[in-house]
Amino acid sequence: MTNNTSVLEFIDRIKKLVNPDDIVWIDGSETQLESLRKQSCDKGELIKLNQEKLPGCYLHRTKLNDVARVEDRTFICSETKDEAGPTNNWWNPKEAYEKLFSIAKNSYIGKTMYIIPYSMGPIGSKFSKIGIEITDSIYVVLNMAIMTRVGKEVLEVLGNNNDWVRGLHCSCNINEEQRYICHFPQDNTIISVNSGYGGNVLLGKKCFALRIASYLGKKEKWMAEHMLILGIQNPKGEIKYICAAFPSACGKTNLAMLIPPEEYRKKGYKVWCVGDDIAWLRKGKDGRLWAINPENGFFGVAPGTNSRSNPNALAATTHNTIFTNVVQNLDDNTVWWEGLDKNPPSDAINWKGEKWDGKNSEEKGAHPNSRFTSPAKNCPCISSEFENPNGVPISAIIFGGRRAQTTPLVYEAFDWNNGVFIGSIMSSETTAAAAGKVGVLRHDPMAMIPFCGYDMGKYFSHWIEMGKELGDKAPKIFNVNWFRTDENGNFIWPGFGENLRVLEWILKRCENKIEARKTPIGYLPFPKDINLEGTSLTLSDLDLLLEIDGDLWKKEIEDIKSFYKKFSDTLPVELVEKLNKISKFL
Ligand code: OXD
Ligand code: MN
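Reading the values: rules and limits
Residues numbered from 1 in each chain as written. Chains lettered and ligands numbered in written order. Predicted model: local features only at pLDDT ≥ 70, side-chain atom pairs only at ≥ 80, totals over all residues. Heavy atoms only, no water. Pairing = 2+ DSSP bridges. Helix = DSSP H or I, 4+ residues; strand = E, 2+ residues; numbered from the N terminus. Near = heavy atom within 4 Å. Polar contact = N/O pair within 3.5 Å; in protein donor to acceptor, adjacent residues only side chain to side chain. Areas by Shrake-Rupley, 256 points an atom, 1.4 Å probe, with all protein chains shown as cover. Nonpolar A, V, L, I, M, F, W, Y, C, P; charged D, E, K, R; others polar. Buried < 20%, exposed > 50% of the residue type's maximum accessible area, 1.4 Å probe, protein only. Salt bridge = Lys/Arg side-chain N within 4 Å of Asp/Glu carboxyl O.

1. With respect to the sheet that holds strand β19 (residues 322–324)
By way of backbone hydrogen bonds, the strands of a sheet pair with one another, either parallel or antiparallel. An order of β2-β3-β19-β24-β18 is seen for the five strands of this open sheet, with the pairing classed as mixed. Lying at the two open borders of the sheet, with one neighbouring strand each, are β2 (47–48) and β18 (297–301). Here strand β3 (residues 58–60) pairs with β19 via three bridges, running parallel. Directly across from tyrosine 58, in β19, lies its bridge partner isoleucine 322.

2. Notes on the site of ligand 1
In the vicinity of ligand 1, the contacting residues are Arg69, Lys206, His226, Ser248, Asp277, Arg371, Ala433 and Phe451. Here aspartate 277 contributes a side-chain N or O atom positioned 3.2 Å from an oxygen atom of ligand 1. In this structure, an oxygen atom belonging to ligand 1 sits 2.9 Å away from a side-chain N or O atom of arginine 371. Contact with the protein chains hides 93% of the accessible area of ligand 1, taken as 210 Å² for the molecule alone. Class assignment for the residues of the shell around ligand 1 results in two nonpolar, two polar and four charged.

3. What about the pairing of strand β6 (residues 112–120)?
With nine of nine residues buried, β6 is to be regarded as a mostly interior element. Where burial is concerned, the two faces of β6 agree: the one with Thr112, Tyr114, Ile116, Tyr118 and Met120 and the one with Met113, Ile115, Pro117 and Ser119 are both buried. Where strand β1 (residues 22–25) lies against β6, four bridges are found, and the strand directions are parallel. Bridging from a neighbouring strand, valine 24 pairs with tyrosine 114 of β6. Relative to strand β7 (residues 129–135), β6 runs antiparallel, the two sharing seven bridges.

4. A short note on the pattern of salt bridges
Overall, the coordinates contain 33 salt bridges when judged by the stated rule. Among the salt bridges present, the one from lysine 206 reaches aspartate 277, with a minimum N-O distance of 2.7 Å. On the criterion of sequence distance, the pair formed by lysine 206 in helix α8 (residues 204–220) and aspartate 277 in the loop between β15 (270–275) and β16 (279–283) is long-range, its members being 71 residues apart. Classification of aspartate 277 as buried rests on a relative accessible area of 9%. The closest approach of N and O atoms between lysine 508 and glutamate 504, which form a salt bridge, is 4.0 Å. Of this pair, lysine 508 and glutamate 504 both sit in helix α14 (residues 500–510), four residues apart, roughly one helical turn. A residue is classified by how much of its surface remains accessible, and lysine 508, at 29% relative accessible area, is partly exposed. Each of the salt bridges in this network shares a partner with another, and the network as a whole consists of Lys205, Lys206, Lys252, Asp277 and Glu295.

Okay, structure coming up:
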């Protein structure tokens, strides 16, 4: 399919290493994908679902020990440990290659080697980057064909260029003790062994579009961020775009596909989704910040997705979707997950592949990190700009986390560097998207702690540099927290579609239409400026949501100080200055 010498050399080297029986290039054609679906069903790796109710949909179950990203087995293999920084696991590249090659050696015997050429971003766009993933898993091929743009055209655009990301995935025997997800930023290379879980093996996603791309972005003056991109259309038909970074499973997909509350819909508001997980951002010709979504599909968390929380995502899953680790309803061969509706099937198979009676079982049927992989074009609110090779101009950047206390519903940074500070102090409660304890508060600057491919101190400097580049055309930066609870532990803010009320305030601030209250942490809304019409909320609820508790913030500052200590000499002085300033005024 190509004469590219660097590609052919790589394939040849890997072929000798893994020793496949057969080689198949993925050309992106529906005929080839359909034949792979069939083979995968014949092997029992995929289950064909009810094609009348769920046309083009399949179910897959991972091994029980392989259900989430494994951060403790994810490595940045840069030349030196300092380059990986204090928040990444580092592995000496020479040793890592040796170990990985010893695991990969002969691991494709009896198997087919699939070669997937793919583009992150619209094929041929200035923003886009090319990768080639070698895998022995049809499940990976089929998911990559939804999540990225795959096939011949990608190789045509690549020509004889050497600028592409090498990816090798070996399923081996899914041995968790020999599982490694390794990134070699200096070699544009990713190697993932002994996993079959999406976040570890769909190498275009977290591995390339965030870890390798963040490193490339620093070198090439652009940014790869863990952010959704959405457009808000006002009644005049004008659309303003925002990016928002939240840690995994904090409702990014829901926010990205938000349906405006009824009063807003009546007035003519609409929300368009450009992306739900990753944004690549660059300065455009007009000096503003522009963004594309490098992905082509959604790898969304299924539990909790329903016709109220996210009707658009639900609609996206009704065709051409691969479900992973959800419940199989044997009544009609469809799928179910916790939070879909109040009617769990009794005759069903749970994510573990066991018989499961949803009406009488104490145990959950779907894994909390079970997923759907759906094409972006399935989403009823996908933006008309989704394929635009120039991306969309960004008016505001939002950071957010899952915080029961301390952080108010929304506040605005004083300036860009203060915004970088706000991003750097983000923390959130952990969720099921990564292996480990759930509900533990951890620092997660810019929601990038698991995804930054180099020293985060230098990453913060890169943000500051980008602010200088953008000057007064830089988007304003905000922080939101939908998850504040009252004394009984109940969420105070209704969330979901109602979040548009906060986005409206944010856009008004971007257009300098309203005043705000200056506080030590940033500008906060006057309660009257958040539209509560049509909700049961009162101004005193807003007082609570917007409260800054001095004692909690003092504790927070102490905590940030000790987090910052990790970075010793790479933490930018600008952030230390912001921290000192806020400490003085609290
Ligand atoms: C994801 C994650 O899958 O952040 O998007 O874990
Ligand atoms: Mn994510």
